Amino acid sequence: MSATGIGAAVRRKEDFRFITGKGQYTDDISRPGQTYIHFVRSPHAHAKIRKIDNAAAKAMPGVVAVLTGADLANDKIGNLICGWAITSKDGTPMKMSAHPAIANVKACHVGDAVAVVIAETLGQAKDAGEKLVVDYEVLPAVADPAKAQAAGAPLIHDVAPNNTIYQWHLGDQKATDAAFKAANHVTKLDIINNRLVPNAIEPRAALADYDSGTDSLTLWNTSQNPHVARLVIAAFVGMAPEHKLRVIAPDVGGGFGSKIFIYPEEVVCLWAARKVNRPVKWNSDRSEAFLTDAHGRDHVTHAEMAFDAEGKITALRAKTIANLGAYMSTFSSSVPTYLYATLLSGQYGIANIYCEVDAVYTNTVPVDAYRGAGRPEATFVVERLVEVGAREMSMDPADLRKKNFVKSFPHQTPVIMAYDAGDYAASLKKAQEIADVKGFGKRKRDSARNGKLRGLGYSTYIEACGIAPSQAVGSLGAGVGLWESAEVRVNPTGSVEVLTGSHSHGQGHETTFAQLVAGRLGIPIENISIVHGDTDKVQFGMGTYGSRSGAVGMTAIVKALDKVEAKAKKVAAFMLEAAEGDIEFKDGKFTVAGTDKAAAWGDVALNAYIAHKFTGAELEPGLKEGAFYDPTNFTFPAGCHICELEIDPETGNTEIMGWTAVDDFGVIINPMIVEGQVHGGIAQGVGQALFEGTVYDKDGQLVNGSYMDYAMPRADYLPSFKIDTTETRCPSNPLGIKGCGEAGAIAAPAAVMNAITDALGTEDIAMPATPAAVWRTLQKVNTSRPAAA
Amino acid sequence: MPAVSMTVNGNPVKGDADARTLLVQYLRETLRLTGTHVGCDTSQCGACVVDVNGKAVKSCTMFAWQAEGASVTTIEGLANGATLHPMQEAFRDNHGLQCGFCTPGMIMTAVDMVKRKGHDLDDKTIREELEGNICRCTGYHNIVKAIAAGAKAMA
């Protein structure tokens with residue numbers, strides 16, 4: 001391992017600008033003559049728009065324009081779309097409603113935009129927005145997914161009777177039901193996977209500029225995938241031809257999925273910029289983010305697990321209602337289906353699995369992928385069932401897991417996925433050692449002596465990352481291919497620019513991608529720059545989500561580097577007057593086998609461009625190669641997290657006393673960055689389990705739409721984490737990488753809730769297990785559980 | 001619009017600000033010092049923390065005119081020329097940042113914390129003192145490490 005190559009904990013190249021305040025986020029960018037846009041949003045969850053009177057607003061100081069959904073429709077700006085087609089079990093297509101960027105006929109959730117004001121300053125735009133008179137006819141609303149399909153529930157979109165978008169299923173129902181009939185023991189759980197708000201600390205933003213001289217548009221926005229944004233806004237919304245639209249996602253302050261999607265605001269900014277022929281800027285405030293960023297999770301599930309007399313899991317079945325909110329967001333349909341039910345086998349060999357999912361509309365903010373996307377929901381179902389099953393059968397929860405682990409690979413589950421490599425017992429064993437599980441009994445007794453309840457919970461999770469072979473996802477309904485692109489440009493002086501279709505918004509690609517190139521070409525990491533996030537600079541790429549940038553994005557770079565090396569060897573052969581087949585390349589030096597002839601990397605790069613040593617007929621000048629890489633399988637990171645916690649029965653307060661994570665991410669490029677990804681994921685997972693829960697009242701009002709009300713994890717709510725790894729190489733990509741971005745968020749909720757229920761001695765508590773919820777549960781069971789272990 | 005004068009990062013500055021212009025807007029939009037960020041609208045996240053007359057202040061909670069005549073230091077003014085402040089170095093050395101958006105506020109808060117609490121900071125103190133700063137990326141683990149190391153390096 002070199003000091004900066006694969007496996008080295010290199011300090012991040014991108015950090016200097018961030019720690020000196022020189023990052024360039026979307027809201028840091030300004031254009032001459034820019035205007036500010038303010039969205040007037042529905043205060044009602046469900047309301048017909050009878051009339052909008054904009055006369056008073058238009059007369060306000062500084063107002064440039066007031067625009068409505070009718071104006072948008074008149075200009076024939078198309079609707080937003082969901083890009084993954086799901087077919088119901090009866091063969092009918094999903095029921096996708098129209099989703100205009102500004103509501104024209106009716107508003108379907110609190111925060112749905114009904115008009116915009118564009119003014120010289122933001123203050124003037126907001127002031128004028130106050131003067132806009134919208135005559136609403138308020139309609140009954142439904143926010144609870146469990147009530148959305150009930151007879152008499154308010155109908156949100158005519159296209160979807162009973163507010164049902166699809167009724168989908170996966171697996172063999174007959175065989176699964178038969179296995180349940182034959183079961184020795186059945187564990188049953190009702191689970192609510194609580195609705196979360198992603199809350200990247202940088203709010204979404206957009207700045208649109210129209211160049212009338214070339215009739216082209218530029219959009220700076222907070223995007224995880226600028227090319228996909230350009231494609232959708234060009235091809236489906238019909239804003240401008242793709243080559244007349246440039247999308248730039250500069251520094252982006254966190255995404256966690258919420259910045260994948262194509263949102264109304266960026267569409268409206270582009271449209272408005274052309275209409276007023278001036279740049280238009282929008283920056284979401286936090287309250288607006290709560291009302292417009294796609295939320296995550298929000299499943300209601302009944303799940304059952306069947307065991308034989310020896311504790312072998314023989315079957316799993318689940319029925320889930322998934323809330324997709326008021327409109328179908330860009331990838332919403334895939335989250336509770338192919339990203340969820342396909343992981344219900346967990347780390348276990350389960351012969352029979354059947355899952356039914358009803359996706360429903362409600363009068364709430366759209367729901368889409370949030371860190372983990374479907375896999376945290378699946379892991380929670382499986383890991384809670386296993387843990388509760390062990391308790392009901394009086395077995396050790398770790399032993400029950402070990403008994404059921406998949407042990408030979410490849411392993412085909414009954415729900416599509418073919419696991420390629422792993423050693424689940426190894427990560428469990430290592431985690432148990434680090435967490436000192438053997439000493440837990442004593443610690444529990446010590447806690448009891450202090451009047452505290454101590455619990456320990458496991459989560460042995462698996463996830464499918466890399467998303468994934470284009471042909472496979474295409475057959476499952478995806479509207480896009482899920483490959484990745486790279487271009488490696490070698491400059492005449494030997495420095496290198498890598499143009500990647502991946503996008504970094506905290507993951508550190510400028511460092512890890514450069515490590516890959518430095519190790520391969522034997523050049524200093526300082527001589528490499530990573531270019532991403534600008535559709536005018538970078539070839540089409542798919543962006544970053546699903547922990548795919550290592551496994552897929554970096555593999556595309558490897559393929560481009562293969563081509564660069566092959567071409568450079570040809571150049572070196574001419575320079576060294578040797579046969580191409582005799583040229584060897586190592587540590588930044590080209591040599592001729594069996595001789596002392598050599599050429600340095602920089603000399604070969606220069607010769608590729610000055611082209612003095614070969615004719616154009618023999619070799620094209622230049623040194624620049626591109627590649628597209630389409631994976632052959634998903635990757636399957638897996639591991640074991642153990643949470644140990646203590647509850648104060650007097651207050652219901654939970655304190656996490658220890659967190660151990662042992663993950664198998666395959667080959668690791670930069671362990672420092674990987675640990676950071678795991679820390680952040682765990683914090684979000686602990687947030688879901690203990691603090692975060694999005695509350696709508698029965699009328700569809702968001703009750704906790706600010707940081708005063710929505711409990712974000714803070715530093716003093718969390719412990720320091722013990723992080724370690726095991727390694728089985730991923731066989732489906734040349735680097736052996738599996739991906740690490742989502743693991744913590746996937747593993748953590750089940751570990752916390754298994755520990756809390758262990759401490760409380762009852763399964764009767766849902767996420768978030770706030771102090772109030774824990775206290776109420778304790779009053780119900782009326783126990784203080786003295787030293788039992 | 002009335003003009004507001006103050007010293008920012010050692011330089012006297014003057015710029016127009018109406019009565020409702022927040023200090024953070026004045027810094028970001030009038031002075032184009034965009035290193036100070038806005039992550040919320042309820043003074044919870046701390047991305048906007050700057051130093052005003054020697055105290056850490058959330059610049060979204062005061063008007064620009066309230067800083068008339070004040071001495072303000074932002075993240076852009078923390079380094080001594082090309083030499084980074086020890087707390088900036090500590091954040092980089094300890095991977096105390098990911099997306100970087102909360103980072104300026106974290107670093108400004110950390111420097112203030114050392115001023116008030118000294119150079120030998122334990123985890124519990126650091127975590128409690130970070131009550132007013134939210135990070136969504138790091139899980140705080142490496143921020144806590146960075147601040148402990150930065151506090152020692154500032155001694």
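Everything in this summary refers to the structure shown in the same document. (Residues numbered from 1 in each chain as written. Chains lettered and ligands numbered in written order. Predicted model: local features only at pLDDT ≥ 70, side-chain atom pairs only at ≥ 80, totals over all residues.)

1. Focus on the nonpolar core
Soluble globular proteins tend to pack their nonpolar side chains together in the buried interior.
Argument step 1. Ranked by size, the top nonpolar core spans 311 residues in total, and within it V116, V117, L344, V517 and I557 of chain A carry the most contacts.
Argument step 2. Filtering out sequence-adjacent residues up to four positions away, V517 of chain A remains in contact with V496, V498, I528, I557 and L561 of chain A. (Core = buried A, V, L, I, M, F, W, Y, C linked by C-beta atoms within 7 Å. Buried ≥ 20, exposed ≤ 12 C-beta atoms within 10 Å, placed from the backbone. Contact = placed C-beta atoms within 7 Å.)

2. Topic: the environment of L231 of chain A
Argument step 1. For L231 of chain A, the location among the structural elements is in helix α6 (residues 226-236).
Argument step 2. For L231 of chain A and L245 of chain A, which are 14 residues apart along the polypeptide, the C-alpha to C-alpha distance reads 9.2 Å. (Helix = DSSP H or I, 4+ residues; strand = E, 2+ residues; numbered from the N terminus.)

3. Concerning the interface of chain A and chain B
Argument step 1. In this complex, chain A contributes 43 residues to the contact, which on the side of chain B involves 44 residues.
Argument step 2. Elements with a contribution of two residues or more to the side of chain A that touches chain B: α1 (15-19), α8 (286-292) and α17 (671-691) of chain A.
Argument step 3. Ranked by the residues each element gives to the side of chain A that touches chain B, the list is headed by α17 of chain A, at seven residues.
Argument step 4. Its residues placed into classes, the side of chain A that touches chain B shows 17 nonpolar, 15 polar and 11 charged. (Nonpolar A, V, L, I, M, F, W, Y, C, P; charged D, E, K, R; others polar.)

4. Some remarks on the packing of helix α10 (residues 397-404) of chain A against helix α11 (residues 424-434) of chain A
Residues and elements named next belong to chain A.
Argument step 1. With their axes 10 Å apart at the nearest point, α10 and α11 run at an angle of 160 degrees to one another. Taken as axis vectors, α10 and α11 run roughly antiparallel relative to one another. Like other packed secondary-structure pairs, α10 and α11 cross with a definite hand, here left-handed. Contacts between α10 and α11 involve A398, R401 and K402 from the former and A425, L428 and Q432 from the latter.
Argument step 2. Counted by class, the contact of α10 with α11 contains three nonpolar, one polar and two charged residues. (Axes fitted to C-alpha atoms, helices over the stretch in contact; angles between N-to-C directions. Parallel < 35°, antiparallel > 145°, perpendicular 65-115°, else oblique. Left-handed = near helix turned anticlockwise from the far one by under 90°.)

5. Examining the sheet that holds strand β18 (residues 453-462) of chain A
Neighbouring strands of a sheet are bound in pairs by backbone hydrogen bonds; such pairs are parallel or else antiparallel.
All names here are of chain A.
Argument step 1. An order of β18-β26-β27-β28 is seen for the four strands of this open sheet, with the pairing classed as mixed. In this open sheet, the two edge strands, each paired with only one partner strand, are β18 and β28 (722-726). Taking each pair of neighbouring strands and ignoring which way they run, the sheet shows an average axis angle of 15 degrees.
Argument step 2. Pairing analysis gives 10 bridges linking β18 to strand β26 (residues 638-648), with the strands arranged antiparallel. Among the inter-strand pairings, S459 is bridged to a residue of β26, identified as H641.
Argument step 3. Helix-sheet contacts for α11 involve β18, β26, β27 (653-664) and β28, and the interaxial angle to β27 is about 140 degrees. (Pairing = 2+ DSSP bridges.)

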